[in-house]
Amino acid sequence: MKTVQVAANSYWVGKVDDRKVPFHRLVLEKGTTYNSYLLLAEKPTVIDTVDISFGKEYVDNLQTVIDPADIQYIVINHVEPDHAGALPALAARAKNAVIVTTELGAELLKDMFRLHGREFLVVKDNDTLDIGGKTLRFLETPYLHTAETMVTYVEEDRVLYPCDQFSTHVATYELFNDLVEEDISEDFGLYYQLIMHPHWPYVRKMLEKIRELSIDVIAPSHGYILREGAQRFIEMYDVLSAAAMEGAKQVTIAYSSMTGNTGKVAEQLSRGLAAAGVTTSVFNLKQADLEEVKQAVSASNGILIGSSTRYADMVGRVEQLLQGLDTDEVIGKPAAAFGSYGWSGEAISHIEDYLGRLGATVVNRAHLTKATGVDAELFPLRVKFGRSEELARAQEAGRVFGETLRTK
Ligand code: FEO
């Protein structure tokens, strides 16, 4: 097999895919690569695999370099099938390997590939793993590109293995950025805009985490290995994500709560929005000045109105607020209803009706599917009794609502 040395005893063992590759509703005109790495330390370790369609070819090739039974660890930074797709084929022959990934990654991999019988090592932020001569450090980087994602840093080699992050969709056979004559900045920037930028608040968090690392080489899982000027590519992510921060969106959350549960939902929504880089103004209508709330609504990019349900209706001053809003303060803005309830939660439907009559873009399941590709019952957000698992759903709903604002 073609192996390419990346660092001492560390090799690229991936696959170049020079087809026009269908990918997330796009076609990758320049193809891509699936970069997998083999670290021949005392405890041989594989970092990420290749696309599911090349599983057998990948393992057959890898077997020409190492007896799979000798592999001690398989690190999965990200579970999407273009990286973890060959894991079942590899795991079937690497019978002694422990699979290393995040908590959510382990759950997903077990279900996706029926790996419940395999040994997993679940790692968290800043955990390290000594593989004999090399120390792996793991940093969780959620939503880059999906929720379970992490990056792996090899301390002795000063190499960062960030999977999707810092990637490029180009079917390069040269593999290293210093071996190609053309400037790769355009392809690198295009990849950032398409794959990473929708999650720019998480890019900011990731940059904060890797700031302390000494990085000589970035070895991502698509396209070029950044061996020359690695810091320049980190700076590009910094500049591009910082520009988005300046145009941060604003959402008004206003609610009335009978027992405090709808207030807890409002708080979780606000947290989720913050995670998506959206600023919030939260008003408990029991104390709030309605004129101030109206002004906030008018200045906002999105609106969330919540109420508990009592006698099949809204409570407190929610209806008074809705009646006092002018169409031109609301028209076309994404807006959604939420509330905690014990029986049937009619208040939530009444709020939705008001928002629709005011000309808002009512965010519901159909809207979310079109705007973000998320097909889930998040809005209108109904939370039964404020149960903890339901509150976690509220936070996720806030995050997804924030995503819809960025796609506008
Ligand atoms: Fe390259 Fe998120 O997969």
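Parameters and conventions
- Residues numbered from 1 in each chain as written.
- Predicted model: local features only at pLDDT ≥ 70, side-chain atom pairs only at ≥ 80, totals over all residues.
- Heavy atoms only, no water.
- Helix = DSSP H or I, 4+ residues; strand = E, 2+ residues; numbered from the N terminus.
- Rg over C-alpha atoms; globule rule 2.2 N^0.38 Å.
- Contact = heavy atoms within 4.5 Å.
- Areas by Shrake-Rupley, 256 points an atom, 1.4 Å probe, with all protein chains shown as cover.
- Lys, Arg positive; Asp, Glu negative; His and termini not counted.
- Charge placed at Lys NZ, Arg CZ, Asp CG, Glu CD.
- Buried < 20%, exposed > 50% of the residue type's maximum accessible area, 1.4 Å probe, protein only.
- Axes fitted to C-alpha atoms, helices over the stretch in contact; angles between N-to-C directions.
- Parallel < 35°, antiparallel > 145°, perpendicular 65-115°, else oblique.
- Left-handed = near helix turned anticlockwise from the far one by under 90°.
- Expected span 1.5 Å × (residues − 1).
- Arc of directions from axis to C-beta.
- Pairing = 2+ DSSP bridges.
- Core = buried A, V, L, I, M, F, W, Y, C linked by side-chain atoms within 4.5 Å.
- Patch = residues over 30% accessible without salt bridge, like charges linked within 9 Å, V, L, I, M, F, W, Y side chains within 5 Å.
- Salt bridge = Lys/Arg side-chain N within 4 Å of Asp/Glu carboxyl O.
- Nonpolar A, V, L, I, M, F, W, Y, C, P; charged D, E, K, R; others polar.

### Considerations on the overall build of the chain
Working step 1: Counting its secondary structure elements, the chain contains 14 helices and 22 strands.
Working step 2: Rg of the C-alpha trace for the chain: 24 Å, near the compact-globule value of 22 Å for 408 residues, within the 12% margin.
Working step 3: Restricting to contacts in the chain with at least 6 residues of sequence separation, those with at least 24 account for 70%.
Working step 4: For the chain, the accessible area works out to roughly 17300 Å², and carbon and sulfur atoms hold 48% of it.
Working step 5: Positive and negative side-chain charges of the chain, numbering 41 and 57 respectively, have mean locations separated by a distance of 5 Å.

### A few points about the environment of Lys30
Working step 1: Summarising the element assignment, Lys30 is placed in the loop between β5 (26-28) and β6 (32-34).
Working step 2: The class for Lys30 is partly exposed, based on a relative accessible area of 48%.
Working step 3: As a C-alpha pair, Lys30 and Thr172 span 142 residues in sequence and 8.9 Å in three-dimensional space.
Working step 4: Apart from the residues within four sequence positions on either side, Lys30 is in contact with His169, Val170, Ala171 and Asp187.

### Quick look at the packing of helix α13 (residues 365-372) against helix α14 (residues 388-406)
Each pair of packed helices can be summarised by the angle the axes make with each other and by the distance between the axes.
Working step 1: The geometry of α13 relative to α14 is characterised by a closest axis approach of 10 Å and an angle of 55 degrees between their N-to-C directions. It follows from the interaxial angle that α13 and α14 lie oblique. By crossing handedness, the relation of α13 to α14 is classed as left-handed. Facing Leu368, Ala371 and Thr372 of α13, the residues of α14 in contact are Val400, Glu403 and Thr404.

### Focus on helix α12 (residues 346-357)
Working step 1: Its 12 residues place the ends of α12 17 Å apart at the C-alpha level, agreeing with the 16 Å of an ideal helix rising 1.5 Å per residue.
Working step 2: For α12, every residue scored as buried is listed here: Ala347, Ile348, Ile351, Glu352, Tyr354 and Leu355. Across the axial projection of α12, the buried residues extend over an arc of 160 degrees, all falling on one side.
Working step 3: Along its buried surface, α12 packs onto β19 (302-307), α10 (318-324), β20 (334-341), β21 (361-362) and β22 (381-384).
Working step 4: Downstream of α12 by one or two residues, Gly359 has phi in the positive range, about 90 degrees.

### What to know about the sheet that holds strand β15 (residues 159-161)
Working step 1: On the basis of which strands lie adjacent, the open sheet formed by five strands has the order β12-β13-β14-β15-β16 and mixed pairing. Each edge of the open sheet carries a strand with a single partner, namely β12 (128-130) and β16 (217-218).
Working step 2: Here five bridges tie strand β13 (residues 135-140) to strand β14 (residues 150-154), and the two strands are oriented antiparallel to one another. Residue pairing in the sheet places Glu140 in a bridge with Met150 of β14.

### What to know about the nonpolar core
Working step 1: Counting residues in hydrophobic clusters, the biggest one holds 63 residues, and the most contacted among them are Phe166, Ile210 and Tyr237.
Working step 2: Elements with a minimum of two residues in this core: β4 (21-23), α1 (55-62), α3 (87-93), α4 (103-113), β14, α5 (185-196), α6 (200-210) and α7 (230-246).
Working step 3: Contacts of Tyr237, omitting those with residues within four sequence positions, involve Gln165, Phe166, Ser167, Phe188, Tyr191, Tyr192, Met196, Val203, Met206 and Leu207.
Working step 4: Membership of the second largest hydrophobic core comes to 28 residues, among which are Tyr73, Val98, Leu129 and Ala219.

### Concerning a nonpolar patch on the surface
Working step 1: Taken together, the side chains of Leu26, Leu190 and Leu194 present a nonpolar region at the surface, about 250 Å² in accessible area.
Working step 2: Looking at the element boundaries, Leu26 is found in strand β5.
Working step 3: According to the relative accessible area criterion, Leu26 is partly exposed, its value standing at 31%.

### Details of the environment of Val330
Working step 1: Structurally, the position occupied by Val330 is in helix α11 (residues 327-330).
Working step 2: With near-sequence residues (within four places) excluded, Val330 lies in contact with Val297, Ile303, Leu325, Leu358, Gly359 and Ala360.

### Overview of the sheet that holds strand β7 (residues 37-39)
In sheet architecture, strand pairing relies on hydrogen bonds along the backbone and comes in two forms, parallel and antiparallel.
Working step 1: Here we have seven strands laid out as an open sheet, ordered β1-β2-β7-β8-β9-β10-β11, and mixed in their pairing. Each having just a single partner strand, β1 (4-7) and β11 (120-122) make up the two edges of the open sheet. Geometrically, the sheet is characterised by an average inter-axis angle of 25 degrees between neighbouring strands, direction not taken into account.
Working step 2: Where β7 meets strand β8 (residues 45-47), three bridges bridge the pair, whose relative direction is antiparallel. For Tyr37, the partnering residue across the bridge sits in β8 and is Ile47.

### Comments concerning the packing of α5 against α7
Working step 1: Close contact between α5 and α7 brings their axes to 11 Å; oriented N to C, the two are set at 45 degrees. Classified by the interaxial angle, the pair formed by α5 and α7 is oblique. The two elements α5 and α7 cross, and the hand of that crossing is right-handed. Between α5 and α7, the contacting residues are Ser185, Phe188, Gly189, Tyr191, Tyr192, Gln193 and Met196 on the first element and Arg232, Phe233, Met236, Tyr237, Leu240 and Ser241 on the second.
Working step 2: The residue makeup of the contact of α5 with α7, split by class, is eight nonpolar, four polar and one charged.

### Digging into the pairing of β19
Working step 1: Within β19, six of the six residues are buried, which leaves the element mostly enclosed by the surrounding structure.
Working step 2: Burial along β19 is two-sided: Gly302, Leu304 and Gly306 facing one way and Ile303, Ile305 and Ser307 facing the other are all buried.
Working step 3: Examined bridge by bridge, strand β17 (residues 250-256) and β19 share six bridges and lie parallel to one another. When the bridges of β19 are listed, Thr252 appears paired with Ile303.
Working step 4: Both β19 and β20 contribute to a ladder of four bridges, which runs parallel. Each bridged residue has a counterpart across the sheet, and for Leu304 the counterpart in β20 is Ala336.

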